[in-house]
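# Chains, contacts and geometry: an overview
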Amino acid sequence: MLLNWTVMILYNYFSAMFVGPGYVPLGWTPEKSQDCMYLQYCKVCQSYKAPRSHHCRKCNRCVMKMDHHCPWINNCCGYQNHASFTLFLLLAPLGCIHASFIFIMTMYTQLYNRISFGWSSVKIDMSAAKRDPRPIIPFGLSAFAASLFALGLALGTTIAVGMLFIIQMKVILTNKTSIESWIEEKAKDRIQYYQTGETFIFPYDMGSKWKNFKQVFTWSGIPEGDGLDWPVRDGCHQYSLTIEQLKQKADKRVRSVRYRAVEDYSGICCPVTKGVKTFFTTPCTEEPRIALSKGDLILATRGLKHWMYGEKILDSAADGGIRERGWFPRKCVEKCQYDSETDQPVDGEKKNR
């Protein structure tokens, strides 16, 4: 049984790793040219982003139905390998639970056979068993320590990977990905912030958990569809999600604040020269850092107490400029008093918008 767990875990693990998520073909465009207005354009892949696809900086490709980039499989979790990845998250805790049961029973029986009771004390002799039958495999102090260590690993894996499995099943039963759940939350925040009165309905939720489940898990092992076109629920547009993404992107541009670098920053994750608080509060994320030189302009879109995230403007062209995204220390920049594009104070502009 333990060997069966191992085979199934490794099979799904390597399937998720080598099959991959599936990528949007380079240069892809929708069949109808007028649909391009509903889609984002990827400058790296030189193609439009298909619905539910996102560009991965690590894979350097647009991934179909991207959920996240997993460093443990060195690949993205997406359209083609979502089922294999989720099965791996299920089987790994089950196998570890079985292994934990073996470790616990082994240590219990071996310790029980080595306990000797006296009038005033209880002693454990790890050198040999006091009762018959004697163990086939010698169980000494080193074997006990190794079993205890392995038990800790098994229980830790069960908890950690089991929580990831629960998270994945929650998004699968609503036919979402982790990124799409985040987009839905931002849609609610945008509607509440501007009081537009509109209602955002996630278009890919089929209304039934079983139908959503079958979108990922099939008997053939091949997910439904081609990863580019997706069935939508009644009353929703084929590009409802991408239209919402364009609205959020435009809103981010409007709500961004322009800063100017007043200190140089090399782009390292934990800068020692920028203060103790900056060093110890570096963002725990895989998102990159951007190097700054004194005088650089940055459009900040979000931030923490000692760090900010934004886009460095490398070209002074208004909307067609090349931008580099990443985190940078807050103490290295100062807010620009005037926006060069509108010649209006930034604070006043933000209030009007």
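As the structure is a prediction and not an experimental result, all values here were calculated from the model.

What counts, and where the lines are drawn
- Residues numbered from 1 in each chain as written.
- Predicted model: local features only at pLDDT ≥ 70, side-chain atom pairs only at ≥ 80, totals over all residues.
- Heavy atoms only, no water.
- Axes fitted to C-alpha atoms, helices over the stretch in contact; angles between N-to-C directions.
- Helix = DSSP H or I, 4+ residues; strand = E, 2+ residues; numbered from the N terminus.
- Parallel < 35°, antiparallel > 145°, perpendicular 65-115°, else oblique.
- Left-handed = near helix turned anticlockwise from the far one by under 90°.
- Contact = heavy atoms within 4.5 Å.
- Nonpolar A, V, L, I, M, F, W, Y, C, P; charged D, E, K, R; others polar.
- Phe/Tyr/Trp six-rings, centres within 6.5 Å; stacked < 30°, edge-to-face > 60°.
- Buried < 20%, exposed > 50% of the residue type's maximum accessible area, 1.4 Å probe, protein only.
- Lys NZ or Arg CZ within 6 Å of the ring centre and 35° of its normal.
- UniProt positions renumbered as here; feature names shortened; annotations may be inferred.

Time to look at the packing of helix α4 (residues 178-194) against helix α6 (residues 240-255). Following both chains from N to C, one finds α4 and α6 inclined at 60°, their axes separated by 10 Å at the closest point. The angle between α4 and α6 places the two elements in the oblique class. Between α4 and α6 the crossing geometry is left-handed. Between α4 and α6, the residues in contact are Glu180, Ile183, Lys186, Ala187, Arg190, Tyr193 and Tyr194 and Leu241, Glu244, Gln245, Lys247, Gln248, Asp251, Val254 and Arg255, respectively. Classifying every residue of the contact of α4 with α6 by side-chain character gives six nonpolar, two polar and seven charged.

On to unusual backbone geometry. Positive phi values are uncommon outside glycine, yet Gln46 reaches one of about 55°. As for its position among the elements, Gln46 is in the loop between β1 (41-42) and β2 (47-48). Positioned with a positive phi, Arg52 is a non-glycine residue whose angle comes to about 75°. Along the chain, the position of Arg52 falls in the loop between β2 and β3 (54-56).

Quick look at the environment of Ala92 now. Tracing the sequence through the fold places Ala92 in helix α2 (residues 82-112). Separated by 82 residues in sequence, Ala92 and Leu10 place their C-alpha atoms 9.2 Å apart. Once residues lying within four places of it in the same chain are set aside, the contact partners of Ala92 are Ile9 and Val161.

Here the focus is the packing of aromatic side chains. One pass over the structure, following the stated rule, counts 13 aromatic pairs. Aromatic side chains Phe202 and Tyr204 sit 5.6 Å apart centroid to centroid with 75° between the ring planes, which places their arrangement in the edge-to-face category. Taking relative accessible area as the criterion, Tyr204 reaches 0% and is therefore assigned buried. Grouped by ring-pair contacts, the aromatic residues Tyr13, Phe14, Phe18 and Phe88 constitute a single cluster. A cation sits over an aromatic face here: Arg255 above Tyr193, 3.9 Å from the ring centre.

Time to look at the UniProt feature "transmembrane region" (unreviewed entry) in the protein. Here the UniProt-annotated "transmembrane region" (unreviewed entry) positions come out as residues 6-24, 87-108 and 136-167. Secondary structure content for residues 6-24 is 74% helix and 0% strand, and the end C-alpha separation is 33 Å. This span, residues 87-108, is 100% helix and 0% strand, and a straight line between its end C-alpha atoms measures 32 Å.

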